[in-house]
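What follows is the residue order along each chain.
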Amino acid sequence: MAFELCSEEVNLMQTQSEKRWNPLRIFFEDAWSVLKPDDLGREITQIAFPAALALTADPLASLIDTAFIGRIGSVELAAVGVSIAIFNQVTKVFNFPLVSVTTSLVAEEDATTEIMDKELDMEESTKDILDSDEKDLLISSTRIEKKLLPSVSSALVLGGAIGIIEAFILILGAGPILSIMGVNSDSLMRFPAGQYLKLRAVGAPAVVISLATQGVFRGFKDTMTPLYATVAGDISNIILDPVLIFLLRLGVSGAAVAHVLSQYLIAYILLWKLHKRVVLLPPKISDLQFGRFFKSGFLLLARVTAVTFCLTLAASMAARQGKDPMAAFQICMQIWMATSLLADALALAGQAILANAFAKGDFEKAKNTASRTLQFVAATQPLNTMAFVFDGVNFGASDFAYAAYSMVFVSIFTILCLLILAPYWGFVGIWIGLTILMILRMVAGIWRIGTATGPWSFLRSGEYWRQRS
């Protein structure tokens, strides 16, 4: 009788503790261990550090590009700024969903395959059908066999198709797109902007395929290989820039050609390395799986379209103010994006680890990963980075629907702010609007986890906290 009463009291205390638990504690729990070099900390570092270096390399190459082009003249710099904004935003609309979905699906599929292999090993260990020599032969042949992951092949096929479509859109629609951006036919920026944009469009297939391949490597938690490929490509770009721009007197066209060649080099290196690990194309077309790519991709397409519209509107407003404000906007945008590199790297690490943890049903690791990455950027980085890391957390949890819908609402509000602020405050008003965008993105991320909804509903589960205790 006493034992039963004691058991009832314990259950009552657990229930009351669960009711009092606030999901917002995930942002503060074990905050003192944010830099702790444990297994999770090392795993995050091993993924995030090479990713940060790779993400640093590309903006640095772009800054060097900007410096070379700036020596030609302010008109050319402004023209290239408009063209880069168009190229980045048009390609990002399609590329970002592909890369994000690829990372999550490959991580999930790789984790599932790992679980199945362990179960198979356990079953084989209980049988004595094969003799020891036959077992060793089977194990060694299995270890050297390349993986067949449908998500990898599907991502590469989609990447090639999307890249070709992007190239045609940018080449055939360069004139109308530039007019929409405020660079009219009588503008001094029109000819160099169109020239640069059409040449850069030739590299669109290489850009998309290399990004899809990077998404695959990120799903494998391998960010070193993309780092090597990116550095090789950026070095070639930096070497080719002065040769083509000044020595061969190609000007803006030389800068575009240098960038295109570097992108094809990156794509080649990544495909070559990936070919050693997985089967790039399946034996049959029916093995390709596009269902989840399209379902999750369309949700992220809505999300990235909303963000892209905000950034494109800001660039368009800067272009309408003249070549000097546009040139200043281009420089500020490059610096602004460069400062978010650590956040992007942590977002990549969080996404890969979270997707793997959710696939294995390891909710404890999922919670700890989200806490660790968010606490780190909160302690070391400004507001922008919190917004970027929340993106990685949402994508790692495959919470694509919330990421899409919340961003649409955030973008609508931001667009209204840009339309109101820019006409009155000009260049400063544009950047105030972009700051509002990042604040609202961060609030949306806090709201999802803080309310323990969607994939984070396990934070309200009594069973989860009983197992944890």
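What this report covers is the structure whose coordinates are included nearby. (Residues numbered from 1 in each chain as written. Predicted model: local features only at pLDDT ≥ 70, side-chain atom pairs only at ≥ 80, totals over all residues. Heavy atoms only, no water.)

1. Focus on the packing of aromatic side chains
In total, this model carries 5 aromatic pairs according to the counting rule given. Considering the side-chain rings of Phe294 and Phe298, the 6.1 Å spacing of their centres and the 20° angle between planes classify their relative orientation as stacked. Taken together, the residues span about one helical turn, with Phe294 and Phe298 both in helix H11 (residues 291–320) at a distance of 4 residues. With relative accessibility at 53%, the residue Phe298 sits in the exposed group. With a centroid separation of 5.8 Å and an interplanar angle of 80°, the aromatic rings of Phe358 and Trp456 are classed as edge-to-face. Of this pair, Phe358 sits in helix H13 (residues 341–360) while Trp456 sits in the loop between helix H16 (400–450) and helix H17 (462–468), and the two are 98 residues apart along the sequence. Taking the relative accessible area as the measure of exposure, Trp456 reaches 0% and is therefore buried. In textbook terms, an aromatic cluster arises when at least three aromatic residues are bridged by ring pairs, as seen for Phe290, Phe294 and Phe298. Across from the ring centre of Phe87, 4.4 Å away, lies the NZ or CZ of Arg200, which sits over that ring. (Phe/Tyr/Trp six-rings, centres within 6.5 Å; stacked < 30°, edge-to-face > 60°. Helix = DSSP H or I, 4+ residues; strand = E, 2+ residues; numbered from the N terminus. Buried < 20%, exposed > 50% of the residue type's maximum accessible area, 1.4 Å probe, protein only. Lys NZ or Arg CZ within 6 Å of the ring centre and 35° of its normal.)

2. Regarding the environment of Ala174
Note on placement: Ala174 falls in helix H6 (residues 174–180). Using a relative accessible area of 1% as the deciding quantity, one classes Ala174 as buried. As for Ala174 and Ala201, which are separated by 27 residues in sequence, their C-alpha atoms are 9.5 Å apart. When residues no more than four places from it in sequence are discounted, the contact partners of Ala174 are Ile169, Leu197 and Lys198. (Contact = heavy atoms within 4.5 Å.)

3. Brief notes about the pattern of salt bridges
Inspection of the entire model under this criterion finds 5 salt bridges. Its salt-bridge partner being Lys365, residue Glu43 comes within 3.0 Å of it at the nearest N-O pair. Taken together, the residues Glu43 in helix H2 (residues 39–70) and Lys365 in helix H14 (residues 363–380) connect sequence positions 322 residues apart. We classify Glu43 as buried; its relative accessible area is 16%. You can call Lys365 partly exposed: its relative accessible area is 24%. (Salt bridge = Lys/Arg side-chain N within 4 Å of Asp/Glu carboxyl O.)

4. Digging into the packing of helix H5 (residues 150–172) against helix H7 (residues 190–201)
Contact geometry of H5 with H7 gives a least axis separation of 8 Å together with a crossing angle of 165°. For the element pair H5 / H7, the angle class is roughly antiparallel. Between H5 and H7 lies a crossing whose hand is left-handed. Every residue of H7 that contacts H5 at Ala167, Leu170 and Ile171 is listed here: Leu197, Lys198 and Ala201. (Axes fitted to C-alpha atoms, helices over the stretch in contact; angles between N-to-C directions. Parallel < 35°, antiparallel > 145°, perpendicular 65-115°, else oblique. Left-handed = near helix turned anticlockwise from the far one by under 90°.)

5. A look at the nonpolar core
With 74 residues, the main nonpolar core has Val82, Ile86, Phe329, Ile430 and Trp456 as its most contacted residues. When residues of this core are assigned to their parent elements, the largest contribution, 12 residues, is made by H16. Judged by nonpolar contacts, the second largest core, of 14 residues, contains Val106, Leu149, Val152 and Ile269. (Core = buried A, V, L, I, M, F, W, Y, C linked by side-chain atoms within 4.5 Å.)

6. Observations regarding the environment of Ala328
Along the polypeptide, Ala328 turns up in helix H12 (residues 323–338). Take Ala328: its relative accessible area is 30%, and that puts it in the partly exposed class. Separated by 254 residues in the primary sequence, Ala328 and Ser74 have C-alpha atoms spaced 9.8 Å apart.

7. Remarks on the side chain of Asp241
When you line up the elements, Asp241 lands in helix H9 (residues 224–247). Put simply, Asp241 is tucked away with no salt bridge, and the nearest opposite charge, on Arg200, sits 9.2 Å away. Residues within four places of Asp241 in sequence aside, it is in contact with Asp65, Phe68, Phe246, Ala255 and Ala258. (Lys, Arg positive; Asp, Glu negative; His and termini not counted.)

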